Amino acid sequence: MQHVYGRRVVHRRRGGVRLLLLLGLIAAVLVGRQALPAAYREALLLGGNSEISCREFLEAVGAAFSSREAREMLWEKGVLEVFGLRREEAEEAAVEAVPESDAAAASAILGRDLLEYPVIPVVQTGESREDTALPAPPETASDPVQEQEAPPAEEAPAEPAPDPAPESPRTDEQGRVLPDIVSMEPTALTLSTVTPVYGVLTSGFGYRDHPIDGEFKFHYGVDLAAPTGTEVGSFAAGTVSFAGWGEINGYYIRVEHENGVETLYAHLSEILVSKGDRVDAGETIGLVGETGEASGPHLHFQVYVDGILVDPLQYVEYMV
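Each value, and the rule that gives it
Every chain is numbered independently, its residues counted from 1 as its sequence is written. Local features in a predicted model are, by the rule used here, given only for residues with pLDDT of at least 70; side-chain atom pairs are given and counted only at 80 or more, and totals for whole chains, interfaces and linings are based on all residues. Remark: hydrogens and water are excluded; side-chain values derive from all non-hydrogen atoms of the structure. Where helices and strands are cited, they refer to DSSP runs of H or I of at least four residues and of E of at least two residues respectively, numbered from the N terminus. The buried label applies to any residue whose accessible area, calculated with a 1.4 Å probe on protein chains only, is under 20% of its type's maximum; exposed applies above 50%, and partly exposed to all values in between. Each salt bridge in this description consists of a side-chain nitrogen of Lys or Arg and a carboxyl oxygen of Asp or Glu lying within 4 Å of one another. Working definition of a nonpolar core: buried Ala, Val, Leu, Ile, Met, Phe, Trp, Tyr and Cys residues. They are joined through side-chain atoms within 4.5 Å. Should any heavy atoms of two residues lie within 4.5 Å, those residues are considered in contact. What pLDDT expresses is the predictor's confidence in each residue, scored from 0 to 100. Classification of ring pairs uses Phe, Tyr and Trp, with its six-membered ring standing for Trp, and accepts pairs whose centres are within 6.5 Å; under 30 degrees between planes counts as stacked, over 60 as edge-to-face, and the remaining range as tilted. Within 3.5 Å is the distance limit for a polar contact, defined as a pair of N or O atoms, with the added protein rule that one can donate a hydrogen and the other accept it, and that residues adjacent in sequence qualify only through two side-chain atoms.

Trainee: Describe unusual backbone geometry, and please don't skip the residues or the numbers.
Mentor: Across the chain, the bulk of peptide bonds are trans and the bulk of non-glycine residues have phi less than zero. Residues other than glycine seldom take positive phi values, yet His-267 does so here, at roughly 65°. Following the sequence through the fold, His-267 ends up in strand β10 (residues 261–271). Judged by relative accessible area, which is 5%, His-267 ranks as buried. Positive phi outside glycine occurs at Asp-306, with the angle close to 55°. Looking at where Asp-306 falls in the secondary structure, it is placed in the loop between β13 (298–305) and β14 (308–310). The exposed category is assigned to Asp-306, whose relative accessible area is 61%.

Trainee: Explain the pattern of salt bridges to me, and be specific about the residues and the numbers.
Mentor: With the rule as written, the count across this model stands at five salt bridges. The partner of Arg-176 in a salt bridge is Asp-172, with the nearest N and O atoms 2.9 Å apart. Its relative accessible area of 29% is what places Arg-176 among the partly exposed residues. The class of Asp-172 is buried, set by a relative accessible area of 12%. For Asp-223, the salt bridge goes to Arg-208, with nearest N and O atoms at 3.4 Å. Taken as a pair, Asp-223 in strand β6 (residues 222–225) and Arg-208 in strand β4 (residues 206–209) lie far apart in primary sequence, 15 residues in all.

Trainee: Report on the nonpolar core, specifying residues and quantitative values.
Mentor: Phe-235, Ile-253, Val-255, Tyr-265, Ile-285, Leu-299 and Phe-301 are the most contacted members of the largest nonpolar core, which totals 32 residues. Of all the secondary-structure elements, those providing two or more residues to this core are β6, β9 (250–256), β10, β12 (284–288), β13 and β14. When residues in this core are grouped by element, the largest group, five residues, is from β13. Excluding anything up to four places from it in sequence, Phe-301 contacts Pro-196, Gly-221, Val-222, Phe-235, Thr-263, Leu-264, Tyr-265, Pro-312 and Val-316.

Trainee: If you had to explain the confidence of the model for the protein chain to someone new, which residues and values would you point to?
Mentor: Of the residues in the protein chain, 51% have a pLDDT of 70 or more, and the chain-wide mean is 74. Confidence drops under pLDDT 50 across residues 1–12; counting only partners more than four residues distant or on other chains, this segment forms four contacts.

Trainee: Describe the packing of aromatic side chains, listing the residues and the values that go with them.
Mentor: With the rule as written, the count across this model stands at nine aromatic pairs. A centroid spacing of 5.3 Å and a plane angle of 90° characterise the contact between Phe-205 and Phe-218, whose relative ring orientation is edge-to-face. Of the two residues, Phe-205 is situated in the loop between β3 (200–203) and β4 and Phe-218 in strand β5 (residues 216–219); the sequence distance between them amounts to 13 residues. Where Tyr-207 meets Phe-218, the ring centres are 5.1 Å apart and the plane angle is 85°; that geometry is what we call edge-to-face. Placement of the pair is Tyr-207 in strand β4 and Phe-218 in strand β5, with a sequence separation of 11 residues. Looking at Tyr-207, the relative accessible area reads 24%, which means it is partly exposed. A residue is classified by how much of its surface remains accessible, and Phe-218, at 11% relative accessible area, is buried.

Trainee: How would you sum up the environment of Asp-213? Please name residues and give values.
Mentor: Structurally, Asp-213 is set in the loop between β4 and β5. Under the relative-accessibility criterion, Asp-213 is labelled partly exposed at 38%. Separated by 80 residues in sequence, Asp-213 and Glu-293 place their C-alpha atoms 9.8 Å apart. Among the polar contacts listed, one links the side chain of Asp-213 to the backbone nitrogen of Glu-215, at a separation of 3.0 Å.

Trainee: Explain the environment of Asp-311 residue by residue, including any values.
Mentor: Of note, Asp-311 is situated in the segment after β14. Residues Asp-311 and Gly-221, 90 residues apart in the sequence, show an inter-C-alpha distance of 6.9 Å. Those residues in contact with Asp-311 that sit more than four places away from it in its chain are Ser-183, Phe-205 and Val-222. A distance of 3.0 Å separates a polar atom in the side chain of Asp-311 from the backbone nitrogen of Leu-313.

Shown next, in the form of structure tokens:
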């Protein structure tokens, strides 16, 4: 047992000498490159003094490089910069160069645990040399609860808008429902107007018994009776938009005025203007007659304001 123990001591001492020689080589290179502080260079240069023994030299070197700062500098400047190695390759070389029995001593000098770094196997493929990469560290399992997308919030169904309250139907003074295209409200006109023909009012604006078919209907204008051939003047200045024949109105004329006002003249015996003619207020445009559905000679006269029929008796004179 003593002999074996003695061989182990010798083997450990030889490993330590090899490690120190390796560090001395690295340090010598760093000294040449001026990469070490002056204190460390002086310790290493003691080897050139012939008066100092080898033991004293090694003790001086060990004391100079006993600090962590010196070991880190040897590692970074010597292994990585001088020899051009990657950190992984340098650590691999250190592990392979130092016997397992001397790993603890090497770790103490280099300032890191060499046993923590596994030896990277080399794969020979022809002339090329490829390093097998270390297995990637296992990824931390992510929280499935965090990765799972939250279900979209259910939107509350929109409440249906309440139905608008039905409008009360418009009625006349007797409570009868009015057609949509008429208005019984007073309507002011910003026009200079005249009475088309001065005659007897035989039918007003509103509901009546029709003189021909006998049905109760709404009358959309006024009837002013006058002898056949009586001149009919334009209600206001404007442009003739229609001059022609209709089954109910007989010969009739429409004139467009300003401000959305339009007038109609029906049951004429003769038309004296053409479509597109410009006429003045009171200018003769036709003659009274009884063409179309008429029970006698008269002028059927209508007034529109923005497309809505209004009562013409607001604007004309007549005989009862």
